[in-house]
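Structure at a glance
Residues per chain, in single letters:
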Amino acid sequence: MSMLSTRCCCLVACPLLRRWVAHEKAESMELYQRAVKSSDLTLCPVGKNAESYRIYEALSLGSVPVIEDVSPKEACEPAVERRLLLANNLAVPSGDRPKSDHVSGPHRLLKSLGAPVIYIKRWEELTDIIEMEKQLNLQQLVERRVKLLKWYSQFREVLAEAFLVSLNKMAKQH
């Protein structure tokens with residue numbers, strides 16, 4: 001971590017969570033949440049699936065996810081999230097709609113709704129991202145965090161509404 005400045009709030013080491021623990025304890029979960037909450041960025045590498053719960057944990061705690069924007073070997077079937085929202089005439093969270101209604105590749109939902117995340121294709125790009133992070137002042141970091149938390153709150157509301165609308169439509173069909 002020598003590439004980080006003395007203002008090392010970009011990445012926080014979490015010694016208890018260097019490996020997955022089968023039966024998470026409240027203490028380790030609290031430590032993890034504190035680490036993410038105090039981090040400006042949270043690294044979200046691809047695993048067996050392109051998306052990971054870490055993306056949404058970071059968003060919910062105000063840390064910008066740095067998402068590896070590649071498909072895993074076992075690519076998922078095309079998602080219907082955007083079509084679900086549009087079919088039910090639901091507004092998307094703040095941000096401009098994409099120029100095209102067709103968004104492909106991993107993280108379609110986040111991309112189509114203008115999620116305030118950072119996408120990378122190769123981890124070598126992280127050095128440049130960290131250099132850019134060093135240029136942000138405290139006010140910019142706070143404003144970004146507030147904007148991110150607001151976006152995530154709206155995102156959850158939109159998805160909850162879309163889910164309820166879909167359930168009601170299915171109930172009326174049967």
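Residues numbered from 1 in each chain as written. Predicted model: local features only at pLDDT ≥ 70, side-chain atom pairs only at ≥ 80, totals over all residues. Heavy atoms only, no water.

Observations regarding the overall build of the chain
- Looking only at helices and strands, one finds six helices and three strands in the chain.
- The N-to-C order of helical and strand elements in the chain reads α-β-α-β-α-α-β-α-α.
- Expressed as a percentage of its 174 residues, the buried residues of the chain come to 33%.
- In the chain, once contacts between residues fewer than 6 apart in sequence are set aside, the share between residues at least 24 apart is 71%.
- Per element, the accessible surface of the chain, about 11,500 Å² overall, is 57% carbon and sulfur. (Helix = DSSP H or I, 4+ residues; strand = E, 2+ residues; numbered from the N terminus. Buried < 20%, exposed > 50% of the residue type's maximum accessible area, 1.4 Å probe, protein only. Contact = heavy atoms within 4.5 Å. Areas by Shrake-Rupley, 256 points an atom, 1.4 Å probe, with all protein chains shown as cover.)

Digging into the pattern of salt bridges
- Taken as a whole and assessed by the stated rule, the structure comprises eight salt bridges.
- Residue K111 pairs with D69 through a salt bridge whose shortest N-O separation is 2.9 Å. Residue K111 is located in helix 4 (residues 108-112), and its partner D69 is located in the loop between strand 2 (64-68) and helix 3 (81-87); the two are separated by 42 residues in the primary sequence.
- Accessibility expressed as a relative area gives 26% for K111, which makes it partly exposed.
- A relative accessible area of 7% means that D69 is categorised as buried.
- Among the salt bridges present, the one from R122 reaches E124, with a minimum N-O distance of 3.9 Å. Each member of the pair, R122 as well as E124, is classed as exposed.
- What emerges from the salt-bridge pattern is a single network uniting D69, K111 and K121. (Salt bridge = Lys/Arg side-chain N within 4 Å of Asp/Glu carboxyl O.)

Observations regarding the packing of helix 1 (residues 26-37) against helix 2 (residues 53-61)
- Packing of helix 1 against helix 2 brings their axes to within 9 Å, and their N-to-C directions diverge by 65°. The angle between helix 1 and helix 2 falls in the class roughly perpendicular. Crossing angle aside, the handedness with which helix 1 passes helix 2 is right-handed. For the pair helix 1 and helix 2, contact is made by Y32, Q33, V36 and K37 and by R54, E57, A58 and L61, respectively.
- Residues belonging to the contact of helix 1 with helix 2 are distributed by class as follows: four nonpolar, one polar and three charged. (Axes fitted to C-alpha atoms, helices over the stretch in contact; angles between N-to-C directions. Parallel < 35°, antiparallel > 145°, perpendicular 65-115°, else oblique. Left-handed = near helix turned anticlockwise from the far one by under 90°. Nonpolar A, V, L, I, M, F, W, Y, C, P; charged D, E, K, R; others polar.)

Thoughts on the pairing of strand 2
- The element strand 2 is largely enclosed, with a buried count of five among its five residues.
- Following the backbone out of strand 1 (residues 41-44), through helix 2 and into the adjacent parallel strand 2, one traces a crossover that is right-handed.
- Across three bridges, the pairing between strand 2 and strand 3 (residues 118-120) is parallel. When the bridges of strand 3 are listed, V66 appears paired with I118. (Right-handed = clockwise from strand over helix to strand, strands pointing away. Pairing = 2+ DSSP bridges.)

Some points on the packing of aromatic side chains
- The tally for this structure, following the rule as stated, stands at three aromatic pairs.
- Each ring, one from Y56 and one from F155, has its centre 6.1 Å from the other, and the planes form 10°; the classification is stacked. A residue pair is termed long-range when its members are at least 10 positions apart, and Y56 in helix 2 and F155 in helix 6 (residues 138-173) qualify at 99 residues.
- Each residue in the set Y56, W151, Y152 and F155 is aromatic and connected to the rest through ring pairs, giving one cluster.
- Lying over the aromatic face of Y119, K111 brings its terminal NZ or CZ to 5.3 Å of the ring centre. (Phe/Tyr/Trp six-rings, centres within 6.5 Å; stacked < 30°, edge-to-face > 60°. Lys NZ or Arg CZ within 6 Å of the ring centre and 35° of its normal.)

Brief notes about helix 6
- Relative to the 52 Å expected for 36 residues at 1.5 Å per residue, helix 6 spans 53 Å between its end C-alpha atoms, a close match to the ideal helical length.
- Within helix 6, the full set of buried residues consists of L141, L148, W151, Y152, F155, V158, A162 and S166.
- Where helix 6 begins, one side-chain oxygen reaches toward the backbone nitrogen of Q139, 3.0 Å away; that side chain belongs to N137. (Expected span 1.5 Å × (residues − 1). Polar contact = N/O pair within 3.5 Å; in protein donor to acceptor, adjacent residues only side chain to side chain.)

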